[in-house]
Amino acid sequence: MDLRWLLTSMRGSIERMAFPGLIDEEDTWWEKDPFHILVATVLSQRTRDLNTYHASSELFQRFNTPEEMSEASIEELESLVRPVGFYRAKAKAIKEIARLVVENGGVPRDIDEMTRWPMVGRKTANCVMTYAFKEPAICVDTHVHRISNRLGIVSCATPDETEMALRKVFPKALWCEINGTMVRFGQKICLPRNPRCSQCPVRKECAYPDKK
Ligand code: SF4
């Protein structure tokens, strides 16, 4: 399969669609540096875009630097990030992340090092590599995992396995396009349940046995 064509076709099918309630990182007001992107990505875990946006916005308006955030009280952090799921655990994690950023002089430009930090798994670390450091990385969330496996590009049981398999299949030049493309495609066409295969531009190439 021509993978550049695949991503371009997916983007083409959704480019005129509206995404109410969905907010892209580039549409947010805060700085797009590794610290802000890491904190916002931790807040986004298992949370709707709009709630992530409100919580991040409140948080960064009050504490916009790692120094300020590391010295904030847990109670205040909890109240600022309350719109997101698991806000108590996330408040604790972002305080510690802020402290580590101060101690290290920045966010590590390395996935393995980043994943030693609280609430930072491979998905979050890859997001930071892609969107903050602009390094080739593949951020595999539930959409990327589902679509890659349905298409038959990979055959993997977990998102982490899918990430490793996609690294072998896609040329590095395309890695950073995969997440942004497949997430929106998965929200509009290749839905988790009842995918809209009749509207899918890559249907002929798809190995999904239940496509209609
Ligand atoms: S044909 Fe259906 S299952 Fe396959 S990628 Fe398109 S929408 Fe998803």
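Bear in mind that the values here come from a model prediction, so they are computed numbers and not experimental data.

### Concerning the nonpolar core
Part 1 of the reasoning: Counting residues in hydrophobic clusters, the biggest one holds 36 residues, and the most contacted among them are Leu-59, Met-69, Val-81 and Ile-94.
Part 2 of the reasoning: At the level of secondary structure, the elements contributing two or more residues to this core comprise helix H2 (34-44), helix H3 (49-62), helix H5 (74-80), helix H6 (87-104), helix H7 (111-114) and helix H8 (122-131).
Part 3 of the reasoning: Among all residues touching Met-69, those that are not within four sequence positions of it are Phe-35, Val-39, Leu-59, Phe-60, Phe-63, Leu-77, Ile-94, Lys-95 and Ala-98.
Part 4 of the reasoning: Grouped together as the second largest cluster of nonpolar side chains are 26 residues, Ile-14, Leu-151, Ile-153 and Cys-206 included.

### Considerations on the domain arrangement of the protein chain
Part 1 of the reasoning: Here the domain parsing of the protein chain yields domain 1 (3-17 + 137-205) and domain 2 (33-131).
Part 2 of the reasoning: The C-alpha centroid of domain 2 is placed 26 Å from the C-alpha centroid of domain 1.
Part 3 of the reasoning: Tallying the contact residues gives 13 residues for domain 1 and 9 residues for domain 2.
Part 4 of the reasoning: Taken together, both faces of the contact between domain 1 and domain 2 bury some 810 Å²; the carbon and sulfur share is 53%.
Part 5 of the reasoning: In this structure, the connection of domain 1 to domain 2 is made through 2 salt bridges.
Part 6 of the reasoning: Connecting domain 1 to domain 2 are 5 residue pairs in polar contact (both at pLDDT 80 or more).
Part 7 of the reasoning: Of all the secondary-structure elements, those providing two or more residues to the side of domain 1 that touches domain 2 are helix H10 (159-169) and helix H11 (172-188).

Conventions and cut-offs
- Each chain has its residues counted from 1, following the order in which its sequence is written.
- Given that the model is predicted, a residue must reach a pLDDT of at least 70 before its local features are reported, and side-chain atom pairs must reach 80 or more before they are shown or counted; all residues, however, enter totals for whole chains, interfaces and linings.
- Only hydrogens and water are set aside when side-chain values are computed; all heavy atoms of the structure are taken into account.
- Take the buried Ala, Val, Leu, Ile, Met, Phe, Trp, Tyr and Cys residues and link them wherever side-chain atoms come within 4.5 Å; each set so joined is a nonpolar core.
- In this scheme, a residue with accessible area under 20% of its type's maximum is buried, one over 50% is exposed, and one in between is partly exposed, where area comes from a 1.4 Å probe on protein chains only.
- Only runs of H or I of at least four residues qualify as helices and only runs of E of at least two qualify as strands under DSSP, and these elements are numbered from the N terminus.
- Any two residues whose heavy atoms approach within 4.5 Å at even a single point are treated as in contact.
- For the domain bounds, the source is a domain assignment made automatically or taken from a database.
- Buried area: the accessible area, evaluated with a 1.4 Å probe, that two parts lose upon being put together, summed over both parts.
- By convention in these notes, a salt bridge is any Lys or Arg side-chain nitrogen within 4 Å of a carboxyl oxygen on Asp or Glu.
- Polar contact criterion, stated in full: a pair of N or O atoms within 3.5 Å, where within protein one must be able to donate a hydrogen and the other to accept it, and residues adjacent in sequence count only if both atoms are side-chain atoms.

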